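# Chain and residue survey
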Amino acid sequence: MESESQMLPGDDELYRRVYEIAHYVWDPIGISEIPEANNEYNSYMMALFGRAKSGDADALVEYMQWVETEQLGLAFDADKAKRAAKAMIAWKRYIEEDG
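The notes below deal with the structure included here. (Residues numbered from 1 in each chain as written. Predicted model: local features only at pLDDT ≥ 70, side-chain atom pairs only at ≥ 80, totals over all residues. Heavy atoms only, no water.)

## Overview of the overall build of the chain
A tally of regular secondary structure across the chain gives 4 helices and 0 strands. The order of helices and strands in the chain, counted from the N terminus, is α-α-α-α. Its C-alpha atoms give the chain a radius of gyration of 13 Å, near enough to 13 Å, the size a compact globule of 99 residues would have. Out of the 99 residues in the chain, the part that is buried amounts to 36%. Residue pairs in contact within the chain that sit at least 24 positions apart in sequence constitute 60% of those at least 6 positions apart. Distance from the positive charge centre (10 side chains) to the negative charge centre (20 side chains) of the chain: 5 Å. (Helix = DSSP H or I, 4+ residues; strand = E, 2+ residues; numbered from the N terminus. Rg over C-alpha atoms; globule rule 2.2 N^0.38 Å. Buried < 20%, exposed > 50% of the residue type's maximum accessible area, 1.4 Å probe, protein only. Contact = heavy atoms within 4.5 Å. Lys, Arg positive; Asp, Glu negative; His and termini not counted. Charge placed at Lys NZ, Arg CZ, Asp CG, Glu CD.)

Structure follows, in structure tokens:
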């Protein structure tokens, strides 16, 4: 996975969109309505971003499952993870097309 210092010019738009989707769509612990918790998923962001940038929706869902079950001790919400992954990939494609 890329570190923030290895991001290419233009990656910042996709990173922001992945961040927003992680916080407002995926949101496995239900903190999207708490403004002061907006950094709760920061430790997962580079992995999410890297998978979104690669265009691999299955890898995104697998990673979200690992986070939810292994890191957070939650039941996996496959529907929410798939929605989030789909949105991340859609933004990746949109950004590439509009570049």
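## Let's talk about the packing of aromatic side chains
Within this structure, the stated rule accounts for 4 aromatic pairs. When the ring centre of Trp91 is taken as origin, the NZ or CZ atom of Arg17, which lies over that ring, is 4.2 Å away. (Phe/Tyr/Trp six-rings, centres within 6.5 Å; stacked < 30°, edge-to-face > 60°. Lys NZ or Arg CZ within 6 Å of the ring centre and 35° of its normal.)

## Digging into the packing of helix α3 (residues 57-71) against helix α4 (residues 78-98)
At a closest axis distance of 9 Å, the pairing of α3 and α4 adopts a crossing angle of 135°. Our classification of the angle between α3 and α4 gives oblique. The handedness of the crossing between α3 and α4 comes out as right-handed. Of the residues in α4, those touching α3 at Ala57, Leu60, Val61, Met64 and Glu68 are Ala81, Lys82, Ala84, Ala85, Met88 and Ile89. When grouped by side-chain class, the residues that make up the contact of α3 with α4 number 9 nonpolar, no polar and 2 charged. (Axes fitted to C-alpha atoms, helices over the stretch in contact; angles between N-to-C directions. Parallel < 35°, antiparallel > 145°, perpendicular 65-115°, else oblique. Left-handed = near helix turned anticlockwise from the far one by under 90°. Nonpolar A, V, L, I, M, F, W, Y, C, P; charged D, E, K, R; others polar.)

## So, the pattern of salt bridges
With the rule as written, the count across this model stands at 6 salt bridges. In this structure, Glu13 engages Arg17 in a salt bridge whose closest nitrogen and oxygen atoms are separated by 2.9 Å. Taken together, the residues Glu13 and Arg17, both in helix α1 (residues 11-26) and 4 residues apart, mark about one turn of the helix. The class for Arg17 is partly exposed, based on a relative accessible area of 23%. A salt bridge links Glu20 to Arg17; its shortest N-O distance comes to 3.2 Å. Remark: Arg17 and Glu20 occur in helix α1; sequence separation between them is 3 residues, near one turn of the helix. Sharing partners across several salt bridges, the network here consists of Asp12, Glu13, Arg16, Arg17 and Glu20. (Salt bridge = Lys/Arg side-chain N within 4 Å of Asp/Glu carboxyl O.)

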